[in-house]
Amino acid sequence: MKLYLDVVRKALERGTRIENRTGVDTLSTFNINYEIDLRDGFPLLTTKAISWKNIVVVNLWFLSGATDIAFLRKHGCRFWDPWADEAGQVPSAYGNFWRSFPVHQEDGTPGFNDQIRYILETLRTDPQSRRMVLSAWAPGNAQTSALPPCHLMFIFNVQYGEDNEPMLCGHLTQRSADIALGVPYNIAGYALILELFARFVGVRPGVFGHTLVDAHIYTAKADGSMAEYDHVPGLREQLTREPKPLPRLSIDPNLRGLDDLWSLFDLETDALMSHFVLEGYDPHPAISFKVAV
């Protein structure tokens, strides 16, 4: 994942200090773009260990459209805990709006659109469409939400390789990108979705493109306070580490469509993860970063 290290270098070299709503300063950079060829391996960061289990669990949760975090807690994923209320509900627009985007119907009454179903059906019936857009950004929600979506739009696109065989590509637009904590999970999470959708429609995965609009690194304040939130030392440590070969993802061949995923939600963690096996993942040791909420 040399591309990720290039992002880190750009942010450290070009970033300007900015205050933000969390109270923790960031080194902020505008508009970083790159693309990853999934044919070269699965893009899970190797310069520090990343929880593959959490990536699988969170993205299955997104695809389910659920807004409560019971499924996450069942599998020991605590990332969403800071935003959950006493009932375990979170104001997430990701999976919720993926599966039930608020719309007005032809008669003017409120309704909902299942974007995931639409995209999969379009991939099967009109794969050259340029309208396969998955959006989590609804102004009425995002402008007032305590947790507006950071990775807000994913666009699917079918291209053809040198052998003239189709491949499913995807582009993620991310308005706000926490380079140390969020970006490695965002890359792997959407790559997993791309791999799954490619499997569901019978094509191979291709290129994952990524745009980071506000790419930032949390850092201690100029006076040295809030050093516990400083992500710079851990990122500089990763720059000294040599990236290792990317792993390969093996998905259970019995998972052939969206509806095949639902039976996985009743499984215990080990059984669930046996359907999504990473082969050859040998990362450098983990580095801890404290999240700014």
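Higher on the page you've got the structure.
A few points on the structure. (Residues numbered from 1 in each chain as written. Predicted model: local features only at pLDDT ≥ 70, side-chain atom pairs only at ≥ 80, totals over all residues. Heavy atoms only, no water.)

This brings us to the pattern of salt bridges. Tallied over the entire structure, the rule returns 12 salt bridges. A salt bridge links Arg-73 to Asp-81; the nearest nitrogen and oxygen atoms lie 3.7 Å apart. Using a relative accessible area of 37% as the deciding quantity, one classes Arg-73 as partly exposed. When salt bridges with common partners are traced through the structure, they connect Lys-2, Asp-6 and Arg-9 into a single cluster. (Salt bridge = Lys/Arg side-chain N within 4 Å of Asp/Glu carboxyl O. Buried < 20%, exposed > 50% of the residue type's maximum accessible area, 1.4 Å probe, protein only.)

The next point concerns the pairing of strand E4 (residues 110–113). Where strand E3 (residues 101–104) and E4 come together, four bridges link them in antiparallel fashion. In the strand pairing of E4, Phe-101 is matched with Asn-113. Two successive antiparallel strands, E3 and E4, enclose a turn made up of five residues, where Gly-108 displays a positive phi of approximately 90 degrees. (Pairing = 2+ DSSP bridges. Helix = DSSP H or I, 4+ residues; strand = E, 2+ residues; numbered from the N terminus.)

Working definition: the strands of a sheet are paired by backbone hydrogen bonds and lie parallel or antiparallel to each other. Strand order in the open sheet formed by six strands is E1-E2-E8-E7-E6-E5, with mixed pairing between adjacent strands. Both outer strands of the open sheet, strand E1 (16–18) and strand E5 (133–135), are each paired with one neighbouring strand and no more. When the angles between neighbouring strand axes are averaged without regard to direction, this sheet yields 20 degrees. Bridging between E1 and strand E2 (residues 26–37) involves three bridges; their strand directions are antiparallel. When the sheet's bridge partners are listed, Arg-17 is paired in E2 with Leu-27. Across the face of the sheet, helix H1 (residues 2–14) comes into contact with E1, E2 and strand E8 (204–218) while running at roughly 160 degrees to E2. (Axes fitted to C-alpha atoms, helices over the stretch in contact; angles between N-to-C directions. Contact = heavy atoms within 4.5 Å.)

Attention now moves to the nonpolar core. With 87 residues, the main nonpolar core has Trp-52, Trp-80, Phe-156, Phe-197 and Phe-276 as its most contacted residues. Ranked by residue count, the leading element in this core is helix H7 (residues 182–201), at 12 residues. Residue contacts for Trp-52: discarding those within four places in its chain leaves Phe-42, Leu-44, Leu-192, Leu-249, Met-273, Phe-276 and Leu-278. (Core = buried A, V, L, I, M, F, W, Y, C linked by side-chain atoms within 4.5 Å.)

Before going further, it helps to spend a moment on the state of the cysteines. According to the stated counting rule, one finds zero disulfides in the structure shown. Counting only cysteine sulfurs, Cys-77 is the nearest neighbor of Cys-150, a cysteine outside any disulfide, at a range of 16 Å. Assessed through its relative accessible area of 24%, Cys-150 is described here as partly exposed. (Disulfide = S-S within 2.5 Å.)

On to H1. An ideal rise of 1.5 Å per residue puts 18 Å on 13 residues; H1 measures up with 18 Å between its terminal C-alpha atoms. The complete set of buried residues in H1 reads Tyr-4, Leu-5, Val-7, Val-8, Ala-11 and Leu-12. Taken down its axis, H1 places every buried residue within 150 degrees of arc, on the same side. Residues of H1 that are exposed and point over 90 degrees away from its buried face: Lys-2 and Glu-13. Buried positions along H1 lie against E2, H7, E8 and helix H8 (232–239). (Expected span 1.5 Å × (residues − 1). Arc of directions from axis to C-beta.)

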